[in-house]
Amino acid sequence: MALSLTAPELRAQDTMSFTLMFKEADCEITTYMGYDRIIPKRDRLSPCGNPGEPELLSYSANFIIPPGKVVTEVILQDINMKQISGTYNICPVGFDSLDKGGPPEPPGPYVLEGERFQEPVSIKFRDPDSSIYGSDSLWPGIYLSDSANDGFFDGATIASVVAYPFQYRPLSGRLYLVKKIDIGLVITDASVFPDRPAIRADHIQPLYLAAMRMLVDNPEDVPAWYIQPASSENTWDCVIVASGCVLEANALDPYIEWLWEKGYRTKVVNVQDLNLGGSGEILQSHIRDWWRNEGTSFVQLVGISVGPDEIPAETLWLCKIDSSIINAGWGVPFADILYSSLCDWDYNNDGILGTLYGTTDGGGSWGIGPDYKSVDFFPEVFVGRVPIMNCDIGPSQVGNWVERVMTYERNPGNANRLT
Ligand SMILES: [Ca+2]
Ligand SMILES: [Ca+2]
């Protein structure tokens, strides 16, 4: 989709052009409790809006751009829109609110599959926002986010832009589909060049290439802008991090042998040798080093944090949170994504990781948090965790886990593509 820009032709600042296409088959319009709902049928198309607003869909467009570049401006170049036949009473956002006067809903998709909503008694809609529903102005009336987020996937720079392919006139019930959006991304030199892996085993690299092609809307540009690691047979494809007591009990040995049998060169690391002192950031820096220099693509963490010498479980302030959510019993979630997407999760260096929204004091701010700027969700390595509790019973728990995993992997039934 990019125009004729190739590496030597890119100037310090330039505009790359892309086109997004949408069709009616990308969604399904259903009725529910007297409203019409647009159900997404395409990856990266999801419900959007704030409670009370018409629930339309947004599309997260990802574009690979040249390494060492950054997007400074997003330009809407052209659109082609058509009306969808019929008239619609689009439902307001707020299906899973606790009640009309309750706390804001916890983060999560507003659209869930049918069964959750089959008990109307427990469901109360947010009131439709009368200033929107009483108007015939085009909603949302914007077609693109006005800026792009730059993230990194395996050393490639991915610019993410939000597109709004549905537009709605509430009073007359007219619904429109944006069939085509032409987007210009103004790019310039970034202040940092992304980290990227030096080496990787031949049998693993196709996984990353396929993921990259699925991730972006301009897969034809992947060969030009994705610098693939050098082929190597001197890699640690898989790293297992476990507590010394688990390793001493040899409970993982059959699993490690199985990984080698499958062709994954597997390194085993005793977490006590890493001197983490309870810091997830230090563990992340080790994983980043393995990914960058040793060809590591898979990390299996065995154990949860029961002390400073164990594998840390960090809480990340990923979601919109305020005191009413905390009072309602919604805590700050534990998340291992910092071991997977190897970006800086503490941009403002306050020791609190992943403050993407809100404030860490439980105050009422709903704005973008200080760590938002440096975070992306594109994983550089595949990370799993076996949540065993402690050394007293850990080895036997690991033994059970190993037995189940190997039984499944050897006899996956209809799920063999997942192993
Ligand atoms: Ca990343
Ligand atoms: Ca922080």
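We now turn to the structure provided with this report. (Residues numbered from 1 in each chain as written. Chains lettered and ligands numbered in written order. Predicted model: local features only at pLDDT ≥ 70, side-chain atom pairs only at ≥ 80, totals over all residues.)

Some details on the nonpolar core
- In terms of nonpolar packing, the biggest core is built from 42 residues, with F63, I64, I65, I158, A159, A163 and L185 touching the most fellow members.
- Elements supplying a minimum of two residues to this core: β1 (14–21), β5 (56–65), β8 (156–163), β9 (166–169), β10 (174–189) and α2 (205–215).
- Tallying contributions element by element places β5 first for this core, with seven residues.
- Residues A251, L301, L342 and V386 belong to the second largest nonpolar core, which totals 33 residues. (Core = buried A, V, L, I, M, F, W, Y, C linked by C-beta atoms within 7 Å. Buried ≥ 20, exposed ≤ 12 C-beta atoms within 10 Å, placed from the backbone. Helix = DSSP H or I, 4+ residues; strand = E, 2+ residues; numbered from the N terminus.)

Observations concerning the environment of T31
- Structurally, T31 is set in strand β2 (residues 27–32).
- Given 11 C-beta atoms within 10 Å, T31 falls into the exposed group.
- In this structure the C-alpha to C-alpha distance between T31 and Y88, which are 57 residues apart in sequence, comes to 9.6 Å.

Quick word on the sheet that holds strand β13 (residues 238–242)
- Strand order across the open sheet formed by four strands is β14-β13-β15-β16, with parallel pairing between neighbours. One side of each edge strand has no neighbouring strand; the edge strands of this open sheet are β14 (266–270) and β16 (382–386). The sheet shows a mean angle of 15° between the axes of neighbouring strands, direction not considered.
- Both β13 and strand β15 (residues 298–302) contribute to a ladder of five bridges, which runs parallel. The residue bridging V239 from the neighbouring strand is V299, located in β15.
- Across the face of the sheet, helix α5 (residues 253–261) comes into contact with β13 and β14 while running at roughly 150° to β14. (Pairing = 2+ DSSP bridges. Axes fitted to C-alpha atoms, helices over the stretch in contact; angles between N-to-C directions. Contact = placed C-beta atoms within 7 Å.)

As for unusual backbone geometry
- In this chain, W139 is followed by P140 through a cis amide linkage whose omega measures 0°.
- Its place among the elements puts P140 in the loop between α1 (130–133) and β7 (149–153).
- In the Ramachandran plot, N275 falls in the positive-phi region, its phi being about 50° despite a non-glycine side chain.
- Tracing the sequence through the fold places N275 in the loop between β14 and α6 (280–293).

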